[in-house]
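# Analysis of the macromolecular model
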Amino acid sequence: MDYHDGTRAVRAGLPEPVPGQPFLPGPVFAGPYHLDPVAGPNAAPDAYGRESNPTLGRLEAAIAELEGAAGCLVFANGMAAVSAAMLALTRPGDAVTVPADGYFGVRLFADGDLVPRGIAVRAILTDADHDFTGVRLAVLETPANPSMAVCDIAALSARAHAAGALVAVDNTMATPLGQRPLDLGADLVVASGTKALTGHSDLLLGYLASNDPDLLATLRSWRSHTGGLPGPFEAWLAHRSLGTLDLRLGRQSANAAAVHGMLAKRPEVTNLRWPGTDPVALRQMRRIPGVLAFELPSADHVGAFLTHSALVHPATSFGGLHTTADRRAQWGENVPEGLVRLSCGCEDVDDLLADLAAALDRAAG
Ligand SMILES: *Cc1c(COP(=O)(O)O)cnc(C)c1O
């Protein structure tokens, strides 16, 4: 049965109903599990927590179902997942591409930890021409954080494959309800579940998803060897949060559309970007994220805006229930001082618009 997104989100990864049992069983806390005295680990699937845990397994089934993937591996956070893919799939002498305008942490990892291991790193702007000659692994990110630039996953995957490269798409901003990179030709999804996927600003999570059994086996053994797993409580909280993903994204996206319209009329706001106005995003995405980027004239102007707003909380990360804004240059990222990434939450749109307009007025005056 091909259910729609809201139905899939509320049901993903849940066990078959059993009278007297909960909808989503609680977290299983286990390091070692009891073993059969004779058959040992061959008698039951769960033997040791670094290899398997039923709470993690249910979350993985849920994310795989939403991504349209044969398999998913969850990690302790997004960087654990991205770094696992980049380390497990490359060898000294290989080259990788990373987004020049995408998540800062991926470039820090690539420059700081891959280059010293003999892996060449090429940073390419998301909407620039991509050359994959000699590349082993291309990491794309669309929409990119924080530039909000978009690239065509199907076209770039075809070009990368023709050059012999594997394609990983960072699906953090979109979430699997917003975009299905594997359907568009990517080999691998890498993502942070810390952001919109779980959306309550209360946990860290990452995951990898793929349809390729060899890739999944390589990445699974990497994770068993290195152990970057989330704990069962985080995995359970994440699974619980998935049920409202469709509702949250719907509200966040609608709020962002209204905020975009309001910001577009403000003279002090420049370089306003939102994927809802990008033709490639509109064609390739199933829904548009609630995140916008724009510039105010200075860091002080951003500070005044945030000081005067009651509903926009200064915080990094994005995709949560609460509207947040982050001045990215404060983290040392090489972007304009006044660049703001605004993540629309699930507040009522009229409250949000009124608060934003009043805060911008006070910051300008
Ligand atoms: C946040 C983020 C990451 C890293 O995720 P963590 O959960 O913070 O480790 C990776 N990629 C993108 C696009 C992100 O926004």
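The rules behind the values
Residues numbered from 1 in each chain as written. Predicted model: local features only at pLDDT ≥ 70, side-chain atom pairs only at ≥ 80, totals over all residues. Heavy atoms only, no water. UniProt positions renumbered as here; feature names shortened; annotations may be inferred. Helix = DSSP H or I, 4+ residues; strand = E, 2+ residues; numbered from the N terminus. Contact = heavy atoms within 4.5 Å. Pairing = 2+ DSSP bridges. Axes fitted to C-alpha atoms, helices over the stretch in contact; angles between N-to-C directions. Buried < 20%, exposed > 50% of the residue type's maximum accessible area, 1.4 Å probe, protein only. Lys, Arg positive; Asp, Glu negative; His and termini not counted. Salt bridge = Lys/Arg side-chain N within 4 Å of Asp/Glu carboxyl O. Near = heavy atom within 4 Å. Polar contact = N/O pair within 3.5 Å; in protein donor to acceptor, adjacent residues only side chain to side chain. 1 Å grid on protein atoms, 1.4 Å probe; cavity = no way out; pocket = protein on both sides within 12 Å on 5 of 7 lines; lining within 4 Å. Sits in = over half its atoms within 2 Å of the grid points. Nonpolar A, V, L, I, M, F, W, Y, C, P; charged D, E, K, R; others polar. Disulfide = S-S within 2.5 Å. Points joined across faces, edges and corners; volume = space filled by probe spheres on them. Domains from an automatic or database assignment.

### Concerning the UniProt feature "modified residue: N6-(pyridoxal phosphate)lysine" (unreviewed entry) in the protein chain
If you check UniProt for "modified residue: N6-(pyridoxal phosphate)lysine" (unreviewed entry), the listed places come out as Lys195 in our numbering. Relative to the elements of secondary structure, lysine 195 occurs in the loop between β6 (188-192) and β7 (206-210). Apart from residues no more than four positions distant in its own chain, lysine 195 is found in contact with Thr172, Ser317, Phe318 and Gly319.

### Description of the sheet that holds strand β8 (residues 270-273)
Ordered in space as β8-β9-β12-β11-β10, the five strands form an open sheet in which the pairing is mixed. A single partner strand is all that each edge strand has here, and the edge strands are β8 and β10 (313-314). As judged from the two bridges shared by β8 and strand β9 (residues 291-295), these two strands associate in the antiparallel manner. If you follow arginine 273 over to β9, its bridge partner there is alanine 293. The strands that helix α8 (residues 245-263) touches are β8, β9 and β12 (339-343); relative to β9, the one it contacts most, it runs at about 15°.

### As for the side chain of aspartate 170
Within the secondary structure layout, aspartate 170 lies in strand β5 (residues 166-170). In this structure aspartate 170 is buried but unpaired, with lysine 195 as the nearest side chain of opposite charge at 7.5 Å.

### Some remarks on the site of the ligand
Not every one of the 13 residues close to the ligand is listed here, only the nearest: Gly78, Asp170, Ser192, Thr194 and Lys195. One nitrogen or oxygen atom from the side chain of threonine 194 is found 2.7 Å from an oxygen atom belonging to the ligand. Here the ligand occupies the second largest pocket. Grouping the amino acids of the shell around the ligand by side-chain chemistry returns four nonpolar, six polar and three charged.

### Some points on unusual backbone geometry
The peptide bond linking threonine 142 to proline 143 adopts the cis configuration, its omega dihedral lying at -10°. For proline 143, the position within the fold is in the loop between β4 (137-141) and α5 (153-162). Cis geometry marks the peptide bond from asparagine 145 to proline 146, where omega comes out at 10°. Mapped onto the fold, proline 146 is located in the loop between β4 and α5. The backbone of serine 201 sits at a positive phi, close to 55°, despite the residue not being glycine. Assignment of secondary structure puts serine 201 in the loop between β6 and β7. Even without a glycine there, the phi angle at serine 317 is positive, about 70°.

### Re the state of the cysteines
Here the structure, examined in full by the defined rule, presents zero disulfides. Here cysteine 346 stays free of any disulfide, with the sulfur of cysteine 344 as its closest cysteine sulfur at 9.9 Å.

### Some points on the side chain of aspartate 326
One can find aspartate 326 in strand β11 (residues 324-327). Residue aspartate 326 is classed as buried on the basis of its relative accessible area, which comes to 1%. Only 2.8 Å separates the side chain of aspartate 326 from the side chain of arginine 328, close enough to count as a polar contact. At a separation of 2.9 Å, a polar atom in the side chain of aspartate 326 contacts the side chain of tryptophan 331. Residues in contact with aspartate 326, not counting those within four places in the same chain, are Ala315, Thr316, Trp331, Leu339, Val340 and Arg341.

### Examining the layout of surface pockets
One number sums up the size of the largest pocket: a volume of about 480 Å³. With three residues, helix α1 (residues 5-11) is the single largest residue contributor to the lining of the largest pocket. Here the residues of the lining of the largest pocket are counted per class, giving ten nonpolar, two polar and five charged. Size it by volume and the second largest pocket reaches roughly 380 Å³. Along the wall of the second largest pocket there are 25 residues; nearest its centre are Met79, Tyr103, Asn145, Ser192 and Lys195. Sorting the residues of the lining of the second largest pocket by element identifies α3 (78-88), α4 (104-114) and β6 as the ones contributing at least two each. Classifying every residue of the lining of the second largest pocket gives eleven nonpolar, nine polar and five charged. In terms of domain composition, the lining of the second largest pocket takes at least three residues from each of domain 1 (5-242) and domain 2 (245-364).

### Points about the environment of proline 267
Residue placement: proline 267 occurs in the loop between α8 and β8. Among the residues examined, proline 267 registers a relative accessible area of 75% and is labelled exposed. Separated by 29 residues in sequence, proline 267 and leucine 296 have C-alpha atoms that sit 9.6 Å apart.

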